[in-house]
Amino acid sequence: MKWRKLLKDVGKAFVVAGKFLWKILCAVGRWLKKFFSGSLFRKAAPSFLAVGLGLLFGIFTMFIIWLLVKLEVFDVANDPQFGKGVVKLLAGGFNRGMESIGYMLYRAAPLILTGLSVGFAFKTGLFNIGAPGQLVIGALAALTVGVKISMPAPWHWMVCLLAGMIAGGLWGFLIGLFKAIFNVHEVVASIMMNYIAMYFVFWALESFGLLYQFCMPRPGGGFSCSNAPYSVTIDVSAALPKGLAEFFGGYSVNIGILIALLAVVVMHFVLNKTTLGYQLKAAGFNSDASKYAGMNTKRNIMLSMGIAGILAGLAGAIVIMVTDKKMFVEQAIMSQEFMSLGFDGISIALLGISEPIGVGIAGLFLAYIRQGGDYMDLANYMKELADVITSVIIYFSALSVVLYQFLSKRKQKKAALLNAEGSDER
Amino acid sequence: MIFNVLIYDLMHSTLETMIPLLIVAIGAMICEKSGVTNIALEGIMIFGAFVGVWFIKATEPQTLILAAAQTNTEKSILFLEGALIGGVAGLLFSWLHAYASISLKADQTISATALNLIAPALAVFIARSVFGGRQIMFKTSFKMREVGPLANIPIFGDLFFKSVNVGLYVGIAILLVAYVFLYKTKTGLRLMACGENPHAADSLGVNIYRVRYGAVLTSGFLAGVGGFIFAVSVGKQFEGTVSGYGFLAIAVLIFGNWKPFRILFAAFFFGLMKTIAVSYASIPFLVELDISSQIYKMVPYIATLVVLIATSKTSHAPKAAGKIYDQGTR
């Protein structure tokens, strides 16, 4: 009986809390509606809905775990603290003032770039699920140039960035080539190319001598060396400058975020102010029409996959160009750091409705939540919860367009009903 | 003699690798034939494996000695129970994909990608919250040394009835059932019609949405079973990953050109490549070639790409696969 009452109370509390949160969300939404121009808001509204639902789901999960531990269904060493956990999660990148803001920006840079990569492809009617492969190839190219070639500092890292962009671009271009010439669907080709990229990178690390070596003195003299399952780190001259580190106080905060923001501006310009961007977007809206209008669709497919690849490759280069960053030889694509960054790009592009500026905001948001997740263990929650929340957000963003239509239709119906009643009274 | 032992070892580990691939690829085939692409298989496999392994951990004998002393029958029953539980978990998880892509007409690739991301995150999160670490360890080894008197048949006995687990027979059974279902029953033929021309099928009174739901849930069940079989044949712990077998199964499906027995062959080929990648050091003539194991791991994917390029004109891919069905469009 006690159980039931407890559950009932909890349920009631949850409903009240849910309503309250919903009201807050609505208020925020209304405010944003005034802030943005009408049409852009209507396009972005599903993203806000998805984020809200995702966060609610995360908080709900935290609550369930808290409840299960309270009811002693299972035992943990340290009891999770629900209130503190929620605060830590929502405070995100602001948990520790400037330092955590710095780390958030550092994290956001590759996220924004992969988001731009996937979003740009979306705009041109292509689904670039191959961003993981392009990213890891870009990282490999940057690492190779950064270790094997020695150059003075400012040139070295610029050449590394360029190498990453070219390698990623070529990898993306190949996918476009398969699509344009051989009519292979880009999603399937991308999945295959992702795995080929991953094993190619492992092979290259082995055979270019880029793996870290453990060396032990042999009893008879000399050394016996064996490969570690991770790569060497990049030369100091090839690491990105840490101009922002002093300002934010975080150790590894570098100029990556500036590069990412520059890319946002460039992509915004390319998509909205150039003939090329117009052509590529036209192909995305209606490829038959664009073909009829005399545009070279095959060239456009290859070109837009190439550009998407360049952006993903740049992201990979930025990730690896930190003095203590290693590439791990980890066979699982989802837990491979570089690869999973590429998959994050899909979520960011979806949340940012594929608009470069939206992608910038979405990338910052995802970094914010991840950063918050990192501080969750202070409240005895696992930081993987941030991953759960972000993946749930993507699921909701796949649904949210439909959900939002459903909600706004219901609102219209209600309004129509009210109008009808009003006219009856009159 | 040593050569013989080597061949048998290779065959056994190839069979072990190919069975999960075969089962999941058959699920993918049924799903695609109904017109829904399912690239969420990786995530569904992870989820099924997670729940199945958790079940095994909870119900197996709790000491090492007792776990090792289980008879073949006990092992097999535990295995089948785990596979069933994993399959049901996969089925429930794939409901998310079915609901999004069929009922709500969301983009099939996006909802599948979301599932692929949710599953490992959830598995690791729950495992760490409940067990305190990423791994779930269990104690039973499901490999049976000899399967009754059948093991005494000369070559066949050595190949198929020695040091195998029940998964092998489950996989073969699923293949046969799927073949009979698709090509010899009314429902199966209707299912394929939904993937080729849904509007025509709809006009003949087939309920497209129901058929597609059934197909996605079946593929979810099979992916869950496959995930479980993968997890228990790889080792005695599960770490929230199925090492890309879900995506490899899609490659198997394409390489097998959407036909059941070609899929069997493709799964065998891919399994062989995976096995060679792991154990090429013990095969004399491959050692002399001195090719990195990463290259062998790459071969299945390259082969699939080549097949895709070569057969883009003559492919048997379902025509409506991946397209959202809306009764209103025509």
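Residues numbered from 1 in each chain as written. Chains lettered and ligands numbered in written order. Predicted model: local features only at pLDDT ≥ 70, side-chain atom pairs only at ≥ 80, totals over all residues.

Trainee: What exactly am I supposed to notice about the overall build of chain A here?
Mentor: A count of helical and extended segments in chain A gives 15 helices and two strands. The 426 residues of chain A split such that 50% are buried. Expressed as a percentage of contacts within chain A between residues at least 6 apart in sequence, the contacts between residues at least 24 apart total 75%. (Helix = DSSP H or I, 4+ residues; strand = E, 2+ residues; numbered from the N terminus. Buried ≥ 20, exposed ≤ 12 C-beta atoms within 10 Å, placed from the backbone. Contact = placed C-beta atoms within 7 Å.)

Trainee: Explain the overall build of chain B to me, please; I cannot follow it from the model alone.
Mentor: In terms of helices and strands, chain B carries 14 helices and four strands. Here the C-alpha atoms of chain B give a radius of gyration of 20 Å, agreeing with the 20 Å that 2.2 N^0.38 yields for 330 residues. Classification of the 330 residues of chain B by burial places 51% in the buried group. Nonlocal contacts in chain B, meaning residues at least 24 apart in sequence, comprise 80% of its contacts between residues at least 6 apart. (Rg over C-alpha atoms; globule rule 2.2 N^0.38 Å.)

Trainee: Please clarify how the interface of chain A and chain B should be interpreted in this entry.
Mentor: Interfaces are often sized by the accessible area lost when the parts come together. The interface of chain A with chain B comprises 41 residues on the first partner and 41 residues on the second. Within the residue set of the side of chain A that touches chain B, elements represented by two or more residues are helix H6 (153-182), helix H7 (186-207), helix H13 (337-351) and helix H15 (385-425) of chain A. No other element matches the 13 residues that H7(A) contributes to the side of chain A that touches chain B.

Trainee: I would appreciate a short explanation of the environment of A:Gly316 in the present structure.
Mentor: All names here are of chain A. For Gly316, the location among the structural elements is in helix H12 (residues 297-320). Between the alpha carbons of Gly316 and Ile196 there is a distance of 16 Å; along the sequence they are 120 residues apart. If we ignore the near neighbours within four places in the chain, the residues touching Gly316 are Leu135, Val136, Gly138, Ala139, Ala142, Gly164, Gly168 and Phe338.

Trainee: Whenever I open this one, helix H10 (residues 275-285) of chain A confuses me. Can you help?
Mentor: Residue pairs spaced three or four apart in an α-helix point in one direction, given the helix's 3.6 residues per turn. All names here are of chain A. Those residues of H10 that fall on the buried side of the exposure criterion are Gly277, Gln279, Leu280 and Ala283. Along the axis of H10, the buried residues cluster in a sector spanning 165°; they form a single face. Exposed positions of H10 whose direction lies more than 90 degrees from the buried face are Thr275 and Phe285. Where H10 is buried, its residues contact helix H4 (97-123), helix H9 (256-273), helix H11 (287-292) and H12. (Arc of directions from axis to C-beta.)

Trainee: Explain the nonpolar core to me, please; I cannot follow it from the model alone.
Mentor: General note: in soluble globular proteins, nonpolar side chains tend to be found buried as a group. In this structure, B:Ala25 and B:Val252 are the most contacted members of the largest nonpolar core, which totals 239 residues. Among the domains, domain 1 (1-95 + 381-426) and domain 2 (96-374) of chain A are the pair contributing at least three residues each to this core. Contacts of B:Ala25, omitting those with residues within four sequence positions, involve B:Ala249, B:Val252, B:Leu253, B:Gly256, B:Ile263 and B:Ala267. (Core = buried A, V, L, I, M, F, W, Y, C linked by C-beta atoms within 7 Å. Domains from an automatic or database assignment.)

Trainee: Mind showing me how you'd approach the domain arrangement of chain A here?
Mentor: Residues and elements named next belong to chain A. Segmentation of chain A into domains returns domain 1 (1-95 + 381-426) and domain 2 (96-374). Taken together, the contact between domain 1 and domain 2 spans 21 residues of the former and 18 residues of the latter. The set of elements that each furnish at least two residues to the side of domain 1 that touches domain 2 consists of helix H2 (38-70), helix H3 (82-91) and H15. Here the side of domain 1 that touches domain 2 takes seven residues from H15, the largest share from any one element. The residue inventory of the side of domain 1 that touches domain 2, partitioned by class, reads 12 nonpolar, six polar and three charged. (Nonpolar A, V, L, I, M, F, W, Y, C, P; charged D, E, K, R; others polar.)

Trainee: Sorry, what's going on with unusual backbone geometry here?
Mentor: Glycine aside, the phi torsion of most residues is negative, and most peptide linkages are trans. At A:Ser354, a residue that is not glycine, the phi angle is positive and equals roughly 60°. In this structure, A:Ser354 sits in the loop between H13 and helix H14 (356-374). In this model, B:Lys105 sits at a positive phi of 55°, which is unusual for a non-glycine residue. By the element assignment, B:Lys105 lies in the loop between helix H4 (72-103) and helix H5 (108-131). Judged by C-beta crowding, with 14 C-beta atoms within 10 Å, B:Lys105 ranks as partly exposed.

Trainee: Would you mind going over the packing of H6(A) against H7(A) with me for this structure?
Mentor: When two helices pack together, their arrangement is given by the angle between the helix axes and by the axis-to-axis distance. Residues and elements named next belong to chain A. Direction vectors running N to C along H6 and H7 enclose 145°, while the axes themselves pass 10 Å from each other. In this structure, H6 meets H7 at a crossing whose hand is right-handed. Contact residues: H6 offers Trp171, Leu174, Ile175, Phe178 and Lys179, while H7 offers Glu186, Ala189, Ser190, Met193 and Ala197. (Axes fitted to C-alpha atoms, helices over the stretch in contact; angles between N-to-C directions. Left-handed = near helix turned anticlockwise from the far one by under 90°.)

Trainee: Explain the pairing of strand E2 (residues 223-231) of chain A here, please?
Mentor: The two faces of a sheet get side chains in turn, since along a regular strand they alternate between them. By the bridge criterion, six bridges tie strand E1 (residues 211-217) of chain A to E2(A) in an arrangement that is antiparallel. Residue pairing in the sheet places A:Pro217 in a bridge with A:Phe223 of E2(A). (Pairing = 2+ DSSP bridges.)

Trainee: Explain the environment of A:Glu384 to me, please; I cannot follow it from the model alone.
Mentor: Within the secondary structure, A:Glu384 is located in the loop between H14 and H15. Residue classification places A:Glu384 among the buried residues on the basis of 22 C-beta atoms within 10 Å. Not counting residues up to four positions away in its chain, the partners in contact with A:Glu384 are B:Ala121, B:Val124, B:Phe125 and B:Arg128.

Trainee: So what exactly am I meant to see when it comes to the environment of A:Ile369 here?
Mentor: Residues and elements named next belong to chain A. Within the secondary structure layout, Ile369 lies in helix H14. For Ile369, a count of 23 C-beta atoms within 10 Å gives the class buried. Counting along the chain gives 21 residues from Ile369 to Thr390, while the straight-line C-alpha distance between them is 8.1 Å. Aside from chain neighbours lying at most four places away, what touches Ile369 is Gly92, Ala386, Ile389 and Thr390.

Trainee: Looking at this model, I keep getting lost on the confidence of the model for chain B. Mind explaining?
Mentor: In low-pLDDT segments, the atomic positions of the prediction should not be examined closely. With 96% of its residues at a pLDDT of at least 70, chain B reaches an overall mean of 85. Scored by ipTM, the complex comes to 0.83, with pTM at 0.84. (pLDDT = per-residue confidence, 0-100.)

Trainee: Looking at this model, I keep getting lost on H12(A). Mind explaining?
Mentor: With 24 residues, H12(A) should cover 34 Å at 1.5 Å per step; its first-to-last C-alpha distance of 35 Å lies within 8% of that length. The buried fraction of H12(A) amounts to 21 of the 24 residues, a majority that puts the element mostly inside the structure. (Expected span 1.5 Å × (residues − 1).)

Trainee: What is the right way to look at the packing of H9(A) against H10(A) in this model?
Mentor: Residues and elements named next belong to chain A. Taken N-terminus to C-terminus, the directions of H9 and H10 make an angle of 75°; their axes are 5 Å apart at the nearest point. By the angle class used here, H9 and H10 are roughly perpendicular. Counting all contacts with H9, which are made through Val270, Leu271 and Asn272, the residues of H10 involved are Leu276, Gly277 and Lys281. By residue class, the composition of the contact of H9 with H10 is three nonpolar, two polar and one charged. (Parallel < 35°, antiparallel > 145°, perpendicular 65-115°, else oblique.)

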